[in-house]
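Listed below are the residues making up each chain.
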Amino acid sequence: MITVNADGKIMVRRCLVTLRPFRIFVLGIGFFTLCFLMTSLGGQFSAKRLGDSPFTIRNEVMGALESRGVLRRMSDMLEMLMKRMDILARLENSTDFHKGDEARFPLDRLQPAAGLMERIQAIAQNVSDIAIKVDQILRNSLLNSKVMEGRRDQCEVPRDPKYPDCAGKVEWMRARWTSDPCYAFFGVDGTECSFLIYLSEVEWFCPPLPWRNRTAAAPSPPPRPPVQAALRSDLAQLLDLIGTGKESLSFMKKRIRHLAQQWLRAARRLEQKLKGRQRDQKHILIHIGFLTEESGDVFSPRVLKGGPLGEMVQWADILAALFLLGHSLRVTVSLKELQSHLGVPPGRGNCPLTSPLPFDLIYTDYHGLQQMKQHMGLSFKKYRCRVRVIDTFGTEPAYNHEEYATLRGYRTNWGYWNLQPTQFMTMFPHTPDNSFMGFVSEELNQTERQLIKSNKVSSMAVVYGKEASIWKGKEKFLAILNKYMEIHGTVYYETQRPPEVPAFVKNHGLLPQHEFQQLLRKAKVSSQHPYAEDFIGKPHVWTVDYNNSEEFEAAVKTIMRTQVDPYLPYEYTCEGMLERIHAYIQHQDFCTTSSPPLPPKTKSPAMQSPLSPLVLSPNATHLVWSPSASREPQAWPPVDSLQVWVSESQHTCTETCRRHGLVCEPTFFRFLNKEEVFLQLSITCDSTEYEMNHLYPAVAENVHECYLQKEPLLFSCAGYNTKYRRLCPCRDFQQGQVALCRDCL
């Protein structure tokens, strides 16, 4: 036995007194070990999950090698601690601590120490076992990384004729992959393999790499089952969707509330017309680009002063119509929200979206269209067929086609988009090449009509033109009008009256909408408009040449003697707009590609195609769809509304169709862009050529040369040249609803 003296007791006590903090230390080591293992192994397993990005595995493996060394050192340290505790235990067995009160103190301390030693031993064993497992994982990872590294080193640009742009795109990536952070977001790291993986799996310029494990990718979620759209009976939820924070939004919400009862009555009437017809609910994004801060949002500060309000009036009505038709809407007026809804990756907009576009349709304006093109990368080209552009004045095909407009010098700030022309939706139906969206004018009951009629001032005219530049050069015309009527205007100016506005014009400045409507209801004359000229006419609309003083003065005298009742075309009512937008959503499909025109085949002049669905009308003046020909189920408007007329050399197709009580329908051009149509119309063609020209198909009669359209985007109702007579596709239309044929609904 060892004699216990004072020094010995002090020595033993010092060892035992430190057991409690030592226990805390050991528990801390255990907790640290657990966290470390979770981090290290989590890194390994995350590397496994990121199998689609093999160029990140190398960094993970190197970190794990260091982890293995730390684990081994921790295991050795715990074993050493266990040995030292074992020495203390043997010391306790060889010492007579059971004598005296002083001996009982260290004995009480050693009893929990024995349990602690067992715990340390268990922790050490667990760490040792885990270290062995980590070692196995690391060996497998290293083996896999060597195989992968070998593959990475072997990546070569494939020479596949199905992917002719692959080599050029790889070359571009070598030089520019750091120009946009979005490439790194998708895993590009500067290696050849990362370029090829990106160009084959994110973009589509290169063929898939055969060694890629594509089965590991998560399967695409199944398409959502279609939900049937049902006409809504409450606009409260729409007001919440529109949001707050801008005066423009407040104006739109106020307008929707004001017309709410008219909208709801119109929805009920349309529901009766549809007779329970099934309609799929569409997921629609409405992005009002001109209200974003990035576009300047010049409208909001002036909206409460009276204008310009036309765009916001139209957007408010579009929102109300889409919502009441039962579709699922998202409304954005900020670029950040747009990026979030589209799934734009971080960066400068050169990469595609991170996931498939979640919207069936997108309604936007030119500002929003530019923002989408800037941030969607290649996805913009893929999904642009889903876009509908709210375009106040319209865009004719000659300005829409970038190459053609550039060659011909058709310059415009808003052209060159290469969209289908009917994707542009206008405020007025002044060009059939675009779709007429329109807006709503407030309907009046009989009492209100009578009140307006009684308050009409016969000697008062309102000339509409909010910008001073519109009045420039009109002094002679205005002076004649001023001889008979008091002229009112609503020209905007900040401080000083514009010199372009004559002093005799009573200018009201920008008026709030309700005040401007009151002013119009008192007036006898307002400025003319092509739509009003063509589809409303006298006595409500008079069209004169204001440069012809005698003609203009005679028209003013006649107008002053004429009594008229208030008139609102059906297409500018809530029901008319609901009906029109419903038809567009159900039938317009710009994502299904139509077959391009076939090259002309040489035929005998006397030969007519037996397969032509067109036949001469009974009076032999034009072609119609043969009653025995099958109807194309995807064609809209229905093909049996088609009539083919030949224009005079000085007339557009728009004018030609109007002269026959019809409207030009550009979607029908594909049915008459064929050589046999010339033959059916008894037009002699010594030669037939396919060329890119917005006037084709046409014939130069003096030389018997016929021309067919080479580029379908250039089919246009507009334009003429005295050299040509054009083939014009015309159709019937509903009275008061020019956008729809009689059987279009």
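Structure's up top.
Model, not experiment: these values are computed from the prediction.

### Things to note about the sheet that holds strand β8 (residues 486-489)
Judged by pairing direction, the sheet is parallel, and its three strands sit side by side in the order β7-β8-β9 without closing on themselves. Each edge of the open sheet carries a strand with a single partner, namely β7 (460-462) and β9 (506-507). Alignment of β8 against β9, held across two bridges, turns out to be parallel. Among the inter-strand pairings, His488 is bridged to a residue of β9, identified as Lys506.

### What to know about the state of the cysteines
Tallying each qualifying case throughout the model produces nine disulfides. What pairs with Cys155 in a disulfide is Cys193, and their sulfur atoms sit 1.6 Å apart. Because the torsion about its S-S bond is 95°, the bridge between Cys155 and Cys193 counts as right-handed. Taken as a pair, Cys155 in the loop between α4 (100-153) and α5 (166-176) and Cys193 in helix α7 (residues 192-202) lie far apart in primary sequence, 38 residues in all. Comparing Cys155 with Cys193 shows no difference in burial state: the two are buried. Disulfide partner of Cys664: Cys717, at an S-S distance of 2.0 Å. The disulfide joining Cys664 to Cys717 has a torsion of about -80° about its S-S bond and is therefore left-handed. Here Cys664 is found in strand β13 (residues 663-664), whereas its partner Cys717 is found in the loop between β16 (705-709) and β17 (725-731), with 53 residues between them in sequence.

### With respect to the pattern of salt bridges
Evaluation of the coordinates by the stated rule reveals 14 salt bridges. Residues Asp317 and Arg255 are paired through a salt bridge, measuring 2.9 Å at the closest nitrogen-oxygen approach. On the criterion of sequence distance, the pair formed by Asp317 in helix α11 (residues 310-324) and Arg255 in helix α9 (residues 247-258) is long-range, its members being 62 residues apart. For Arg255, a relative accessible area of 8% translates into the label buried. Put simply, Arg269, Lys273, Glu575 and Glu579 are held in one network by salt bridges that share partners.

### Observations concerning helix α22 (residues 574-587)
Taking 1.5 Å per residue, 14 residues should reach 20 Å; α22 reaches 20 Å between its end C-alpha atoms and fits that length. Along α22, 12 of the 14 residues are buried, which leaves the element largely enclosed by surrounding structure. Among the residues of α22, those classed as buried are Cys574, Glu575, Gly576, Met577, Leu578, Glu579, Arg580, Ile581, His582, Ala583, Tyr584 and Ile585. Next to the buried residues of α22 lie α10 (260-274), β1 (283-287), α11, β3 (361-364), β5 (424-426) and β6 (435-436).

### Thoughts on the nonpolar core
Met252, Trp263, Ile286 and Tyr363 are the most contacted members of the largest nonpolar core, which has 67 residues in total. Setting aside residues up to four positions removed in sequence, Trp263 forms contacts with Leu235, Asp317, Ala320, Ala321, Leu324, Val440, Cys574, Met577 and Leu578. Leu623, Ala635, Leu642 and Phe668 belong to the second largest nonpolar core, which has 31 residues in total.

### Notes on the packing of α9 against α11
Running from N to C, α9 and α11 cross one another at 55°; their axes reach a closest spacing of 9 Å. When the axes of α9 and α11 are compared, the pair comes out oblique. Crossing hand, α9 versus α11: right-handed. For the pair α9 and α11, contact is made by Ser248, Phe251, Met252, Arg255 and Ile256 and by Met312, Val313, Trp315, Ala316, Asp317 and Leu319, respectively. Here the residues of the contact of α9 with α11 sort into eight nonpolar, one polar and two charged.

Conventions we followed
- Residues numbered from 1 in each chain as written.
- Predicted model: local features only at pLDDT ≥ 70, side-chain atom pairs only at ≥ 80, totals over all residues.
- Heavy atoms only, no water.
- Pairing = 2+ DSSP bridges.
- Helix = DSSP H or I, 4+ residues; strand = E, 2+ residues; numbered from the N terminus.
- Disulfide = S-S within 2.5 Å.
- Buried < 20%, exposed > 50% of the residue type's maximum accessible area, 1.4 Å probe, protein only.
- Salt bridge = Lys/Arg side-chain N within 4 Å of Asp/Glu carboxyl O.
- Expected span 1.5 Å × (residues − 1).
- Contact = heavy atoms within 4.5 Å.
- Core = buried A, V, L, I, M, F, W, Y, C linked by side-chain atoms within 4.5 Å.
- Axes fitted to C-alpha atoms, helices over the stretch in contact; angles between N-to-C directions.
- Parallel < 35°, antiparallel > 145°, perpendicular 65-115°, else oblique.
- Left-handed = near helix turned anticlockwise from the far one by under 90°.
- Nonpolar A, V, L, I, M, F, W, Y, C, P; charged D, E, K, R; others polar.

Worth remembering: the numbers are spatial, not functional.
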